[in-house]
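For reference, the chains in residue letters:
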Amino acid sequence: MNKLELIQKVKNKCHLTMYEASQVVDIFFSEMSNALANGERAEIRGFCSFFIKEYQSYSGRNPKTGKKVQVAPKKLPFFKCGKDLKERVDYPAN
């Protein structure tokens, strides 16, 4: 499912206009992005959670030249599947 398909589902289920459904989806993703950018955790109970992992800097090696390089510290977003979602994927209803 892509963003346009999600907007279409919200539009049909909630009886909204395409513009209103688009605004709802945009606000949802914008607020999740803002929370992650602020170092907060975003959780949707039963579905998933998103959180930030911080990595320290380390010495790496350029695979092309073999030269040592210093890799800067970084933060990366991670997705953790919720129990309900995991069960629905592992054991789909027939």
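Rules and cut-offs
Residues numbered from 1 in each chain as written. Predicted model: local features only at pLDDT ≥ 70, side-chain atom pairs only at ≥ 80, totals over all residues. Heavy atoms only, no water. Salt bridge = Lys/Arg side-chain N within 4 Å of Asp/Glu carboxyl O. Buried < 20%, exposed > 50% of the residue type's maximum accessible area, 1.4 Å probe, protein only. Pairing = 2+ DSSP bridges. Helix = DSSP H or I, 4+ residues; strand = E, 2+ residues; numbered from the N terminus. Axes fitted to C-alpha atoms, helices over the stretch in contact; angles between N-to-C directions. Contact = heavy atoms within 4.5 Å.

Novice: Honestly, the pattern of salt bridges in this entry has me stumped. Any pointers?
Specialist: A side chain with one charge can pair with a side chain of the opposite charge if their charged atoms come near. What the rule picks out here adds up to three salt bridges. We note a salt bridge from Arg 41 to Glu 43, for which the minimum N-O separation is 3.7 Å. Given the relative accessible area of 42%, Glu 43 is considered partly exposed. Notably, a salt bridge pairs Glu 43 with Arg 45, separated by 3.1 Å at the nearest N-O pair. A cluster of three or more residues bridged by salt bridges with shared partners is formed by Arg 41, Glu 43 and Arg 45.

Novice: How do you make sense of the sheet that holds strand β2 (residues 48–55) when you look at a structure like this?
Specialist: Strand-to-strand pairing in sheets goes through backbone hydrogen bonds, with the strands running parallel or antiparallel. Reading across from one edge, β1-β2-β5 is the order of the three strands in this open sheet, with antiparallel pairing throughout. Either end of the sheet is taken by a strand with one partner, and the two such strands are β1 (42–44) and β5 (74–81). Mean inter-strand twist for the sheet, computed between neighbouring axes without regard to direction, equals 25°. In terms of strand pairing, β2 meets β5 through eight bridges, oriented antiparallel. Its bridge partner being in β5, Ser 49 is matched across the sheet by Lys 80. Its contacts with the sheet put helix α2 (residues 18–37) on β1 and β2, and the angle it makes with β2 is roughly 30°.

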